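Okay, here's what each chain looks like letter by letter:
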Amino acid sequence: MQKLLTRIQATNSLLCVGLDPTGDDAPATKRLREVIAETAAYAAAFKPNLAFFLSRENGVALLQQTVRSIPADIPVILDGKFGDIANTAEHYARFAYDVVGADAVTVNPYMGDDTIRPFARPGKLVFSLAKTSNKPQHGLQDAALTRGGSISDWAARLARLVDEELTESTIGLVVGATEPANLAKLRAACPTQWFLVPGIGAQGGDLSATLRAGLRADGSGLLINSSRGIWQAADAGRAARELMQEINQFRTVKNPAHA
Ligand SMILES: O=c1ccn([C@@H]2O[C@H](COP(=O)(O)O)[C@@H](O)[C@H]2O)c(=O)[nH]1
């Protein structure tokens, strides 16, 4: 968390650059290098998605090489949506932190709190799926979210893990940009929590509605992810800079301290 906060302060950026490499190995490797070099100045964090690496024969090596090439002061969130019994989760955690070198991970809380705990290490950050960006929504997720109360109760409970159990770590939530009304509910339930927000751009999420619904009172608290929007851009650096500036214009209106 400290690394993320320091980076955000240094760049005044809430942009998370997604790394979802598509195409053949050689051009994808070259494109990864380009995207990282061109967007690093605007990136609060990078988020490689594990699937896009595991689908390659030498995917783990490419992922390691990619993470190593990211400047050391930029947090890396490994989007693996890990979720298994604690004994197994411990191995996923070793993979993410020790093999890959990630600073943070995404986890799937479906199997329970104990499956998240192995990812709680000092200096590491865990983002738990809360309300995902895909549509139509899965009835199963909605049922889990509202079981025994409202979506807000559920998220607040997850958020409280940080105080009660994950004392050495910090937990944020993954909340899709495609349903700003739910984002607003989650923000009301978790006023200080960090949210990782995918879904703008290719998935149709509306940036200004997302920022209006999800920014904290201090104009921060969101990491806005863009993967295909940057990867597919003719000029990745320009796409990242423009998105960062668009986010910051909104933050400035909400909180002039970010001017
Ligand atoms: O709810 C979720 C959780 C994760 N993702 C991931 O984020 C990126 C989004 O990519 P775009 O190209 O910007 O749409 C991708 O890696 C997803 O697996 C998500 O979209 N929604």
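Residues numbered from 1 in each chain as written. Predicted model: local features only at pLDDT ≥ 70, side-chain atom pairs only at ≥ 80, totals over all residues.

As annotated in an unreviewed UniProt entry, the protein chain carries the name Orotidine-5'-phosphate decarboxylase and comes from Hymenobacter montanus. Note on the protein chain: under the UniProt heading Sequence similarities (unreviewed entry), the record states "Belongs to the OMP decarboxylase family. Type 2 subfamily." Among the UniProt annotations of the protein chain, the heading Pathway (unreviewed entry) holds the following wording: "Pyrimidine metabolism; UMP biosynthesis via de novo pathway; UMP from orotate: step 2/2." (UniProt positions renumbered as here; feature names shortened; annotations may be inferred.)

**A short note on the site of the ligand**
By nearness alone, 18 residues border the ligand, and Asn49, Thr132, Pro198, Ser227 and Arg228 come closest of all. Of all the secondary structure elements, the ones that give two or more residues to the shell around the ligand are β8 (222–226) and α10 (228–231). For the shell around the ligand, the residue count by class is three nonpolar, 12 polar and three charged. (Near = placed C-beta within 6 Å. Helix = DSSP H or I, 4+ residues; strand = E, 2+ residues; numbered from the N terminus. Nonpolar A, V, L, I, M, F, W, Y, C, P; charged D, E, K, R; others polar.)

**With respect to the sheet that holds strand β2 (residues 45–48)**
Taken together, the eight strands give an open sheet; going across it, the order is β2-β1-β8-β7-β6-β5-β4-β3, and neighbouring strands pair in parallel fashion. Edge strands, defined here as strands with exactly one partner in the open sheet, are β2 and β3 (77–82). For this sheet the average axis-to-axis angle between neighbouring strands, irrespective of direction, equals 30°. Relative to strand β5 (residues 125–131), strand β4 (residues 104–107) runs parallel, the two being bridged by four bridges. Bridge pairing in β5 links Thr106 to Phe127. (Pairing = 2+ DSSP bridges. Axes fitted to C-alpha atoms, helices over the stretch in contact; angles between N-to-C directions.)

**Description of the pairing of β2**
Alternating residues of β2 divide into Ala45 and Lys47 and Phe46 and Pro48, and every residue in both groups is buried. Pairing analysis gives four bridges linking strand β1 (residues 15–19) to β2, with the strands arranged parallel. Opposite Gly18, over in β2, you have Lys47 as the bridge partner. Chirality of the crossover, the property in question, places the unit of β1, helix α2 (residues 25–39) and β2 among those that are right-handed. (Buried ≥ 20, exposed ≤ 12 C-beta atoms within 10 Å, placed from the backbone. Right-handed = clockwise from strand over helix to strand, strands pointing away.)

**A short note on the nonpolar core**
Among the nonpolar cores identified, the biggest contains 70 residues, and Leu15, Ile77, Val105, Val126, Leu223 and Ala240 are the most heavily contacted of them. Per-element tally for this core: the top contributor is helix α11 (residues 236–254), with six residues. Once residues within four sequence positions are removed from consideration, Leu223 is found in contact with Leu14, Cys16, Ala44, Ala45, Trp194, Leu196 and Val197. (Core = buried A, V, L, I, M, F, W, Y, C linked by C-beta atoms within 7 Å. Contact = placed C-beta atoms within 7 Å.)

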